[in-house]
Amino acid sequence: MSSETILLVEDEIDDAQLLMRAFRKAGIGNPVRHVMDGDAAVAYLIGEIPYTSREDYPLPTLVLLDLKLPRRSGLEVLEWMRAQPGLRRLPVVVLTSSGQMEDLNRAYDLGANSY
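Trainee: Please set out the overall build of the chain residue by residue, giving values where relevant.
Mentor: Helix and strand counts for the chain stand at 4 helices and 4 strands. Taken from the N to the C terminus, the helices and strands of the chain come in the order β-α-β-α-β-α-β-α. The globule rule puts the C-alpha radius of gyration for 115 residues at 13 Å, and the 13 Å found for the chain is close to it. Projecting the C-alpha coordinates of the chain onto the three principal axes gives extents of approximately 35 × 30 × 25 Å. By residue count, 39% of the 115 residues in the chain fall in the buried class. When contacts within the chain are restricted to residue pairs at least 6 apart in sequence, long-range pairs at least 24 apart make up 64% of them. Only carbon and sulfur atoms are counted for the fraction: they give 50% of the accessible area of the chain, which is about 6700 Å². In the chain, 12 side chains carry a positive charge and 17 a negative one; their mean positions are 5 Å apart.

Listed below in structure tokens is the structure:
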């Protein structure tokens, strides 16, 4: 089992559970930490309360990011991440049901690795 953590930022619990089930079926054993909104994602990434313990909440090696999130959108989280020197190169895969070309282009413009 790998210790490389995946951060899943998804507000729909059913979608998050479906993705984690798909990981298990595919044999992906990485630990997954799940947060439900954009502000929680930022708090996790900078180690703010309640995510201060890097033993319990390690920095991820991959972020799976929904675009349509409460509090702070996925695009806002991505833009914030790319402005942080320590997170600038952290791989981000955008997960969304949006088929809007504007969302796709904006995500890549902000540095998403995949959409």
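Trainee: Could you give an account of the packing of aromatic side chains, with specific residues and numbers?
Mentor: All chains considered together, the criterion is met by 4 aromatic pairs. An angle of 90° between the planes, with centres 5.1 Å apart, marks the rings of Tyr51 and Tyr57 as edge-to-face. Relative accessible area serves as the criterion here: at 27%, Tyr57 is assigned to the partly exposed category. One cation-aromatic arrangement involves Arg54 over Tyr44; the distance from NZ or CZ to the ring centre is 5.8 Å.

Trainee: Can you explain the packing of helix α2 (residues 38-46) against helix α3 (residues 74-82)? Please cite residues and give values.
Mentor: In a packed pair of helices, the relevant descriptors are the angle between the two axes and the axis-to-axis distance. Interaxial distance between α2 and α3 falls to 9 Å at its minimum, and their mutual angle equals 25°. Between α2 and α3, the angle is such that the two are roughly parallel. Along this stretch, α2 crosses α3, giving a crossing that reads as right-handed. Here Gly38, Ala41, Val42, Leu45 and Ile46 of α2 lie close against α3, whose contacting residues are Val77, Trp80 and Met81. Grouping the constituent residues of the contact of α2 with α3 by class yields 7 nonpolar, 1 polar and no charged.

Trainee: Would you mind going over the sheet that holds strand β1 (residues 6-9) in detail, with residue names and values included?
Mentor: The sheet built from 4 strands is open, its strands ordered β2-β1-β3-β4 with parallel pairing. Edge positions in the sheet fall to β2 (32-35) and β4 (92-95), since each of these pairs with one other strand and no more. Ignoring which end each strand starts from, the neighbouring axes of this sheet average 20° apart. Pairing between β1 and strand β3 (residues 62-66): 4 bridges, direction parallel. Looking at β3, one finds that Ile6 is bridged to Leu62. On the sheet, helix α1 (residues 13-25) packs against β1, β2, β3 and β4 and is oriented at approximately 170° with respect to β2. Its contacts with the sheet place α2 against β1 and β2, and it is angled at close to 135° to β2.

Trainee: Break down the packing of α3 against helix α4 (residues 101-109) for me, with residues and values.
Mentor: Viewed as axis vectors pointing N to C, α3 and α4 meet at an angle of 15°, and their least axial separation amounts to 10 Å. Judged by the angle between their axes, α3 and α4 are roughly parallel. The two elements α3 and α4 cross, and the hand of that crossing is left-handed. On the side of α3, the interface is formed by Leu75, Leu78 and Glu79, while α4 contributes Asp103, Arg106 and Ala107. Residue composition of the contact of α3 with α4, grouped by class: 3 nonpolar, no polar and 3 charged.

Rules of the game
- Residues numbered from 1 in each chain as written.
- Predicted model: local features only at pLDDT ≥ 70, side-chain atom pairs only at ≥ 80, totals over all residues.
- Heavy atoms only, no water.
- Helix = DSSP H or I, 4+ residues; strand = E, 2+ residues; numbered from the N terminus.
- Rg over C-alpha atoms; globule rule 2.2 N^0.38 Å.
- Buried < 20%, exposed > 50% of the residue type's maximum accessible area, 1.4 Å probe, protein only.
- Contact = heavy atoms within 4.5 Å.
- Areas by Shrake-Rupley, 256 points an atom, 1.4 Å probe, with all protein chains shown as cover.
- Lys, Arg positive; Asp, Glu negative; His and termini not counted.
- Charge placed at Lys NZ, Arg CZ, Asp CG, Glu CD.
- Phe/Tyr/Trp six-rings, centres within 6.5 Å; stacked < 30°, edge-to-face > 60°.
- Lys NZ or Arg CZ within 6 Å of the ring centre and 35° of its normal.
- Axes fitted to C-alpha atoms, helices over the stretch in contact; angles between N-to-C directions.
- Parallel < 35°, antiparallel > 145°, perpendicular 65-115°, else oblique.
- Left-handed = near helix turned anticlockwise from the far one by under 90°.
- Nonpolar A, V, L, I, M, F, W, Y, C, P; charged D, E, K, R; others polar.
- Pairing = 2+ DSSP bridges.

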